[in-house]
Amino acid sequence: MTTVAPLAPAPGAPTTIGQVPATLEQAFLLSRYQLRDYLRSRRFVLMMSIVAVIGAILTFVLSYFHTSDTVQGLTASSNAFYGSFWAGGVGVVIIFSGIIFGGDAIAGEFQNKTGYFLMGLPIRRASVYVGKFLAALAASIVAVLFYLAILIANGAFYLGSDALPFSLGESFAIALLYLLALLGAVFLFSSMFKNSLYAVLVVAVLFLFGFSIIQALITSLVKIEPWFIITYAQNVISYPFLSTLPAHMTTTTGPRGLRTTTYNPTYLEGFAIMAGYFLLTAVAGLFFFEREEFT
Amino acid sequence: MTPSLEAVGLTKRFGSFTALDHLNLRLDGAKCVGFLGPNGAGKTTALKMFTDLIFPSEGEAFINGISAQKDRKLALASCGDLIETPEIYPSLTPREALEMSGDLRGMRPEEIAARTEVVLEEVKMSEWVDQKVGRFSKGMKQRVNIAAALLSDPDVVILDEPSTGLDPRGVAEVRSIVQGLKKENRLIFMSSHILSEVVDVCDEVALIDHGKLLFYDSLSNVSKRLTSNATSVELAFLGPISDDTLASQVATVPGVSGVSRVNAQHARLIITGGAETQSQVLERLAAAKLGLVSFEPSQSALEELYLQEISKGEG
């Protein structure tokens, strides 16, 4: 092999127009355009439609059965109302928005060839990853806020001045942390594939029922606390509405002496699981994306 | 500053397959260099390593002296590129796509606005500036991609088969755009497998096959190498012609220095000598009554050299 000495580095800045922004600034710039793309896309309409359908069913059920004892009980206090409808529903909204906005976020750059446009620019892969993450996060927050708005509208009708309790703010903050963790995991899976369909399928299967099944199996068969499963941490979203937190571990003896143990994460555990998932999956996802080639 | 591109021992292996084998190539100065080779020769692989889309197994690629592998951001800051046929986010308009490109390059809003007008005019997309890219044909998207590559008025432009997928009119227009890009202090490195495109547009040519650089020279030198003494002529016959006939009645004609079969009814001659010798060869072949139906000097000098070099590799 002939060795050729490289040309001397160009003195001074490039003569080309512009001074390339810092990595983080590029991430924010990219997220702005990516979010614009999301907000104009069919996937955004789909996500809003899913939330609207959930909200419509909820509104219909509340108004149709408002005289029943159950609904009367749920609308008796803001904690009961939001503890049921917010804490129960926002996890589903977050999972759907994670799948819809994040499932193919990285894989799609390879499959749809949009990555060839972006990566031809003077930009680090980290900026692309973070920029897309921020856009998916913002689009998901819009979906969560839409769900919250539907609930607050119903809450205002049934609860009056008690429609905006402080506990709702606390729970909303926890839901955002859960969203961060879930999107981190979704982006990790997305960066492991070059095919959007595979990425979305894996994410959908895992988050819609995969993790729940694994959690149930681990709890009942292995009989250990499933602290390493992200969906386990979701329970803490409902805690601000509870006057007494559930027991961390409950063992009941059923028919024929069959003992069943159920686990509930503590606040600390819930936060640690979510923060841990977010940090680890963000680092791992970026690691994969940095090494993926546009072949 | 003199624009430059350089590959130093650039190698890419996919498993046991070597797509690019220790490419050493230095392009220095304002000019247009064609990167020629048949499909699968390693052209796109090399260009992808220049733009850090794929990573070398060995070696390094430099843009203006800056390693694309060590600092892609700085290396690509002075480079506009178009690799394969990129897609732009479908809901964005050309104006927005170029705005994004300009923002990420750190251009000021007024610079982006002014350059957007210029480059979209250059690629004849001005009237589509506010239409969504998702509705565009492949050719229209490719024009927007070219506009994006030129937005920052880069000193180095890397184009990977820019006319791929375009209709004949689009091909001609892209060729004219690339010709228009040649200006003072700009280096254009364009891959192509269309020889006429390279002849029309480029000043120099690098030929690659099976991942290896076969030659790199100016087009004028390529012509000199071939036209000084030898001319290639394509022969077509009425019916199949045997190897024996080619050997005994064609190769023996004075002035013929080489014969090769193209297919059953076609052969290629190398005639050493000028036009007079060609005339004599034609007369002799006609007199031999071999069923000759055409006698046509073949291709450009570049095409001839291309075929010679590629066939050496196949041999």
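*Asks:* Explain the overall build of chain B here, please?
*Replies:* Counting its secondary structure elements, chain B contains 11 helices and 14 strands. Taking the principal axes of its C-alpha atoms as reference, chain B extends roughly 75 × 45 × 35 Å. Across the 315 residues that make up chain B, the buried fraction comes to 44%. Put simply, 69% of the contacts in chain B that link residues at least 6 apart link residues at least 24 apart.

*Asks:* Is there a simple way to think about the overall build of chain A in this case?
*Replies:* When you go through chain A residue by residue, the secondary structure sums to 11 helices and two strands. Ordering the α and β elements of chain A from the N terminus gives α-α-α-α-α-α-α-α-α-α-β-β-α. C-alpha atoms of chain A, sized along the principal axes, occupy 85 × 45 × 30 Å. Out of the 295 residues belonging to chain A, those deemed buried represent 41%.

*Asks:* Quick question: what am I supposed to make of the environment of Gln-142 of chain B here?
*Replies:* Residue and element names in this part refer to chain B. Take Gln-142: it is sitting in helix α5 (residues 138-150). Through-space distance from the C-alpha of Gln-142 to that of Gly-80 is 14 Å; in sequence the pair is 62 residues apart. The contact partners of Gln-142, leaving out residues within four places of it in the chain, are Thr-85, Pro-162, Gly-165 and Leu-166.

*Asks:* Please clarify how the packing of helix α4 (residues 78-102) of chain A against helix α9 (residues 196-222) of chain A should be interpreted in this entry.
*Replies:* Helix-helix packing is described using two parameters, namely the angle between the two axes and the distance between the axes. Residue and element names in this part refer to chain A. In the contact formed by α4 and α9, the axes pass within 9 Å of each other and the chain directions differ by 170°. Classified by the angle their axes make, α4 and α9 are roughly antiparallel. Residues Ile-95, Gly-98 and Ile-99 of α4 lie in contact with α9, whose contacting residues are Val-200, Val-203, Ala-204, Phe-207 and Leu-208. Tallied by class, residues from the contact of α4 with α9 come to seven nonpolar, one polar and no charged.

*Asks:* How should unusual backbone geometry be read in this particular structure?
*Replies:* As a rule of thumb, non-glycine residues mostly have phi less than zero, and peptide bonds are mostly trans rather than cis. Its identity is not glycine, yet Lys-113 of chain A carries a phi of approximately 70°, on the positive side. Its place among the elements puts Lys-113 of chain A in the loop between α5 (107-111) and α6 (114-118). In this model, Asp-52 of chain B sits at a positive phi of 60°, which is unusual for a non-glycine residue. By the secondary structure assignment, Asp-52 of chain B is in the loop between α1 (43-50) and β4 (58-63).

*Asks:* Honestly, the sheet that holds strand β9 (residues 204-209) of chain B in this entry has me stumped. Any pointers?
*Replies:* Residue and element names in this part refer to chain B. An order of β6-β7-β8-β3-β9-β10 is seen for the six strands of this open sheet, with the pairing classed as mixed. Sheet topology places β6 (79-82) and β10 (212-218) at the edges, where each strand pairs with a single neighbour. In this sheet, neighbouring strand axes are inclined to one another by 15° on average, regardless of whether the strands run parallel or antiparallel. The sheet contact formed by β6 and strand β7 (residues 156-160) spans four bridges and is parallel. Residue Cys-79 lies in a different strand from β7, and its bridge partner there is Val-156.

*Asks:* Help me understand the sheet that holds strand β2 (residues 17-28) of chain B, please; the structure alone is not making it clear to me.
*Replies:* Whether parallel or antiparallel, the strands of a sheet pair through hydrogen bonds between backbone atoms. Residues and elements named next belong to chain B. Pairing is antiparallel across the open sheet formed by four strands, whose spatial order is β2-β1-β4-β5. Taken across any chain shown, the strands that pair with only one partner, and hence form the sheet edges, are β2 and β5 (66-67). Where β4 lies against β5, two bridges are found, and the strand directions are antiparallel. Among the inter-strand pairings, Phe-62 is bridged to a residue of β5, identified as Ser-67. Strand contacts of α1: β1 (4-14), β2 and β4, with the helix running at about 115° to β1, the strand carrying the most contacts.

*Asks:* Explain helix α1 (residues 23-39) of chain A here, please?
*Replies:* Side chains of residues three or four places apart in an α-helix project in the same direction, reflecting 3.6 residues per turn. Between the first and last C-alpha of α1 of chain A there are 24 Å, a value that for 17 residues agrees with the 24 Å anticipated at 1.5 Å per step. Where α1 of chain A is concerned, the buried positions are Gln-26, Ala-27, Leu-30, Ser-31, Tyr-33, Gln-34, Leu-35, Asp-37 and Tyr-38 of chain A. The secondary structure elements touched by the buried residues of α1 of chain A are α2 (42-64), α4 and α7 (125-159) of chain A together with α3 (94-105) of chain B.

*Asks:* Whenever I open this one, the interface of chain B and chain A confuses me. Can you help?
*Replies:* In many reports, interface size means the accessible area that the parts give up when they come together. Taken together, the 46 residues of chain B in the interface contact 39 residues of chain A. Looking at the side of chain B that touches chain A, the elements with two or more residues in it are β1, β2, α2 (72-77) and α3 of chain B. The biggest single contributor to the side of chain B that touches chain A is α3 of chain B, with five residues. Class assignment for the residues of the side of chain B that touches chain A results in 18 nonpolar, 14 polar and 14 charged.

*Asks:* Would you mind showing me how to read the nonpolar core here?
*Replies:* Inside soluble globular proteins, nonpolar side chains tend to come together where they are buried. Within the largest apolar cluster, 153 residues are counted, with the highest numbers of intra-cluster contacts made by Tyr-178 and Leu-182 of chain A together with Ile-63, Ala-147 and Ile-188 of chain B. With 14 residues, helix α8 (residues 166-191) of chain A is the largest single contributor of residues to this core. The residues touching Ala-147 of chain B, leaving out its near neighbours within four places in the chain, are Pro-94, Leu-98, Val-119, Leu-120, Glu-122, Val-123 and Met-125 of chain B. Counting eight residues, the second-largest nonpolar core is a separate cluster that includes Ile-241, Val-250, Val-281 and Leu-285 of chain B.

*Asks:* What is the right way to look at the pairing of β1 of chain B in this model?
*Replies:* If a strand is regular, its side chains alternate between the two faces of the sheet. Residue and element names in this part refer to chain B. Within β1, eight of the 11 residues are buried, leaving the element largely enclosed by the surrounding structure. Here eight bridges tie β1 to β2, and the two strands are oriented antiparallel to one another. From the neighbouring strand, Phe-14 faces β2, where its bridge partner is Phe-17. The turn joining β1 and β2, which pair antiparallel and follow one another in sequence, is formed by two residues; a positive phi near 65° is taken by Gly-15. Here β1 pairs with β4 via five bridges, running antiparallel. Note on β4: the bridge partner recorded for Glu-6 is Phe-62.

*Asks:* What's the story with the packing of α7 of chain A against helix α11 (residues 267-291) of chain A in this structure? I'm lost.
*Replies:* Residue and element names in this part refer to chain A. The geometry of α7 relative to α11 is characterised by a closest axis approach of 9 Å and an angle of 130° between their N-to-C directions. The angle between α7 and α11 places the two elements in the oblique class. In this structure, α7 meets α11 at a crossing whose hand is right-handed. Within the contact between the two elements, α7 uses Arg-125, Ala-126 and Tyr-129 and α11 uses Gly-285, Leu-286, Phe-289 and Glu-290. Considered class by class, the residues forming the contact of α7 with α11 number four nonpolar, one polar and two charged.

Each value, and the rule that gives it
Residues numbered from 1 in each chain as written. Chains lettered and ligands numbered in written order. Predicted model: local features only at pLDDT ≥ 70, side-chain atom pairs only at ≥ 80, totals over all residues. Helix = DSSP H or I, 4+ residues; strand = E, 2+ residues; numbered from the N terminus. Buried ≥ 20, exposed ≤ 12 C-beta atoms within 10 Å, placed from the backbone. Contact = placed C-beta atoms within 7 Å. Axes fitted to C-alpha atoms, helices over the stretch in contact; angles between N-to-C directions. Parallel < 35°, antiparallel > 145°, perpendicular 65-115°, else oblique. Nonpolar A, V, L, I, M, F, W, Y, C, P; charged D, E, K, R; others polar. Pairing = 2+ DSSP bridges. Expected span 1.5 Å × (residues − 1). Core = buried A, V, L, I, M, F, W, Y, C linked by C-beta atoms within 7 Å. Left-handed = near helix turned anticlockwise from the far one by under 90°.

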